[in-house]
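# Fold and contact review
The primary structure of each chain is shown beneath.
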Amino acid sequence: SIQPPRDCAGDCGRAAPGNRIRRPLHLCIWRLASPSRASAAMAAAMAGGSKKRLSEMLDVDMEGAALEQGPDVEMEESSGAQRPASFAEWFQVASASELRNCLKSLVGEMPQVATQVQEMLTEEKAHQEWVNQEEKSWNDKKAASANLDQPAKAPDNRERENFDMQARFIPLRLTPDERTLLVILSGAMYVSEYTGKVDVYHAGNKSRRMALQIQQVCAILAGLVVSNNFDIARKPLIEREFAENAHFFSAVFEVGRRYKILSPDKLRGTYGKLIHMLQDSVKDDVARAVGFECVVPVKSVATLVAMKQRGQELLNDPLLTTATGEIYESGKTRAEVQAEVRDKSEALRELKEKYAEKAVAGAPAPKAAGDLGELLRGKTSEAAVMTEENVETIIASISDHLSFQRFNREPCERMITFLKTYFNPNDDRGWSLEINRGRGGSCLSHGHKTQFTFVLQSLMLWREIMGSMFALWQCTEDDLLDPSLRYRLCDTGQGLNRLQSAPRVSRMMQHILHKVQSEVGSWVGLSVVHLGDRDVPNALVFIDKYTQVPQILAPIVACLDKLPEGYESSR
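## Notes on the overall build of the protein chain
Along the backbone of the protein chain there are 26 helices and 4 strands. Long-range contacts, defined as pairs at least 24 residues apart, comprise 73% of the intrachain contacts of the protein chain with a sequence gap of at least 6. Per element, the accessible surface of the protein chain, about 30,900 Å² overall, is 53% carbon and sulfur.

## Some words on unusual backbone geometry
Of note, the phi angle at L267 is positive, near 50 degrees, even though the residue is not glycine. One can find L267 in the loop between α13 (246-262) and α14 (270-281). For L267, a relative accessible area of 18% translates into the label buried.

## Considerations on the side chain of N245
By the element assignment, N245 lies in the loop between α12 (230-239) and α13. Here N245 falls in the buried class, since its relative accessible area comes to 2%. With residues near it in sequence (within four places) discarded, N245 still touches P236, L237, R240 and L376.

## A short note on the packing of α14 against helix α23 (residues 469-480)
Contact geometry for α14 and α23: axes closest at 9 Å, N-to-C directions at 45 degrees. Between α14 and α23, the angle falls in the class oblique. From α14, Y271, I275 and Q279 reach across to α23, where they touch W473, E477 and L480. Across the contact of α14 with α23, the residue classes tally to 4 nonpolar, 1 polar and 1 charged.

## Here we look at the pattern of salt bridges
In this structure the tally under the stated criterion is 26 salt bridges. Its salt-bridge partner being E313, residue R310 comes within 3.2 Å of it at the nearest N-O pair. What makes R310 partly exposed here is its relative accessible area of 36%. Take E313: its relative accessible area is 41%, and that puts it in the partly exposed class.

## What about the environment of L224?
Along the chain, the position of L224 falls in helix α11 (residues 206-228). Once you skip the residues sitting within four places of it in the chain, L224 turns out to touch I184, G187 and A188.

## A few points about the packing of helix α21 (residues 388-422) against helix α22 (residues 448-467)
Where α21 contacts α22, the axes come no closer than 8 Å and their chain directions differ by 165 degrees. Judged by the angle between their axes, α21 and α22 are roughly antiparallel. Crossing angle aside, the handedness with which α21 passes α22 is left-handed. Across the interface between the two elements, Q405, N408, R409, C412, E413, M415, I416, L419 and K420 from α21 touch F452, V455, L456, L459, M460, W462, R463, M466 and G467 from α22.

## Quick word on a nonpolar patch on the surface
On the surface, I552, I556, L560 and L563 cluster together into a nonpolar patch covering about 340 Å² of accessible area. Examined against the element boundaries, I556 turns out to sit in helix α26 (residues 549-570).

## Description of the packing of aromatic side chains
Per the counting criterion, the structure on display carries 7 aromatic pairs. Here F242 and F249 contribute two aromatic rings whose centre-to-centre distance is 5.8 Å and whose plane-to-plane angle is 80 degrees, an arrangement assigned as edge-to-face. Given a relative accessible area of 0%, F249 falls into the buried group. Ring geometry for Y271 and W473: centres 5.8 Å apart, planes at 85 degrees, overall edge-to-face. Separated by 202 residues along the polypeptide, Y271 in helix α14 and W473 in helix α23 bring together distant segments of the chain. W473 matches Y271 in its accessibility class, with the two residues each being buried. Taken together, the ring pairs connect F242, F248, F249 and F292 into an aromatic cluster.

## Some details on the nonpolar core
In terms of nonpolar packing, the biggest core is built from 86 residues, with L237, F248, F253, I465 and V505 touching the most fellow members. It is α13 that provides the largest number of residues to this core, a total of 10 residues. Apart from the residues lying within four places of it in its own chain, the contact partners of F253 are L185, C218, L221, L274, M277, L278 and C294. Of all hydrophobic cores here, the second largest spans 21 residues; its members include A167, A323, M386 and L402.

## Some remarks on the environment of I170
Topologically, I170 is positioned in the loop between α8 (163-166) and α9 (176-191). Separated by 230 residues in the primary sequence, I170 and D400 have C-alpha atoms spaced 8.8 Å apart. I170 has contacts with S300, V301, S397, I398, H401 and F470, leaving out every residue within four places of it along the chain.

## Section: the pairing of strand β4 (residues 496-499)
Bridge analysis of strand β3 (residues 488-491) against β4 gives 4 bridges, and the strand direction is antiparallel. By the bridge assignment for β4, D491 is matched with L496. Linking β3 back to β4 in an antiparallel pair, the connection comprises 4 residues, with G493 at a positive phi of about 95 degrees.

## Description of α21
A turn of α-helix holds 3.6 residues, and therefore any two residues three or four places apart point the same way. Along its 35 residues, α21 runs 50 Å from first to last C-alpha, staying within 8% of the 51 Å computed at 1.5 Å per residue. Maximal helix bending in α21 amounts to about 35 degrees, located at R409; proline P411 follows within four positions.

## Description of the state of the cysteines
Counted by the stated rule, this structure contains 0 disulfides. The thiol of C218 is unpaired, and the distance to the nearest cysteine sulfur, on C294, comes to 5.6 Å. With relative accessibility at 0%, the residue C218 sits in the buried group.

Calculation rules
Residues numbered from 1 in each chain as written. Predicted model: local features only at pLDDT ≥ 70, side-chain atom pairs only at ≥ 80, totals over all residues. Heavy atoms only, no water. Helix = DSSP H or I, 4+ residues; strand = E, 2+ residues; numbered from the N terminus. Contact = heavy atoms within 4.5 Å. Areas by Shrake-Rupley, 256 points an atom, 1.4 Å probe, with all protein chains shown as cover. Buried < 20%, exposed > 50% of the residue type's maximum accessible area, 1.4 Å probe, protein only. Axes fitted to C-alpha atoms, helices over the stretch in contact; angles between N-to-C directions. Parallel < 35°, antiparallel > 145°, perpendicular 65-115°, else oblique. Nonpolar A, V, L, I, M, F, W, Y, C, P; charged D, E, K, R; others polar. Salt bridge = Lys/Arg side-chain N within 4 Å of Asp/Glu carboxyl O. Left-handed = near helix turned anticlockwise from the far one by under 90°. Patch = residues over 30% accessible without salt bridge, like charges linked within 9 Å, V, L, I, M, F, W, Y side chains within 5 Å. Phe/Tyr/Trp six-rings, centres within 6.5 Å; stacked < 30°, edge-to-face > 60°. Core = buried A, V, L, I, M, F, W, Y, C linked by side-chain atoms within 4.5 Å. Pairing = 2+ DSSP bridges. Expected span 1.5 Å × (residues − 1). Bend = angle between axes of the 7 residues up to and from the residue. Disulfide = S-S within 2.5 Å.

Put into structure tokens, the structure is as follows:
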């Protein structure tokens, strides 16, 4: 197995049948394009051991190989243009005919490559058709919205959110009972040593070890729940088998997953154990040994709306925009803020009166989600009628979604504003963004205009990712918990990690990248989505990386906002 290089994209990093990584196609092309040089460079790089990254092999200094080529080669190179020092450089400057000839030679030497190339082209064509369809749909919606009259009153001067499209990605806010279960789950995962016992090289039946560790986590959960509520939980959790309480355990695990999506900065250590445990639990042999399925879909606004009468009407009601809108106090008088608060409260009241069914006199109140007694009985008390609590939950969940987007997108938008305000891409006489390799920690050399474009496209990409974070979280969990996507333990240079492909996240990131490229126009660098390789082993590492963006940019924005005030106070 060969690790995909840093400058490869697409199928090179995906897991092939047999839990192996495909040999990068352009690596083979490189070897055919310059056999003697590439062989010497490959041999020199492979001598260091299989743990060295293939990207280092591709970027290896190829000048040393010239000593073995003889003086004729040196004279040939000195008389002509400078030869590329790495495959990445050659790939950028090679003509179409050179690439075509290399591919033909590769197919002649390795006939099985023709099948692989055909599969790649078929998948790429299908993906491009999907991207074109999504882009056409997006442009049609944009053109249609432009023809509509602007509403008389819209919070924050933004278009009305399409809640119908976003509802399936918006998790439901946790109820008080579910927060109690979350605390218990957090404590159980904190003391668990699941990854320390499973993600190691060892002999023996690994599925049996996984099942045993999952059962131990369930036992810890049961003990904590019984100690927290002895009267209700004693008999179901002590006298029954784990499989008989499958509904309870799967519901507790779902609460932890949902809370992590809503608060990515929380559960930094325990969520990794939880998702890795659930990743193993979907395997057939592990599920049979455990006795039940640990994974259930995450509860979202769409799932609650689908269960309730007139739920779809609620999502399409114009008042929902007012009821879920955020209220900003900056630049407004106290009277204006109070008026917006009254409008929001009035919209919530009207939505309750319109869609919530009145409780029948004398009837018992329905149990809230996460009620321990209901979970242990293996059933839910959700009825088809919409209650006031359901309306409040839907509105609160959508409000959380909008607040989450603002908190994550605003630092990126502010940094883009600072960049465009204080820097001119065509004039570096004021402040220059030029960087040089080896100076100030820079690994690249960019002129002022190139670096301006590079920073702008990075901030715009981050902004789009932050706006689609809930959808990316769902794709991440779908990839991690897909039983057909096997993983393998691999030493990535930072310890053992689970190397697994992530096709759903990759497709969505390609769509986001395509949208940003169409907005920026020009693109600096390679448009590569690292997934399933040694740099980004799996979807969890990928999504966790982007959750740090607002944590990095928000303090910078706050500092820049305070600079004028600090300057005026020091005068």
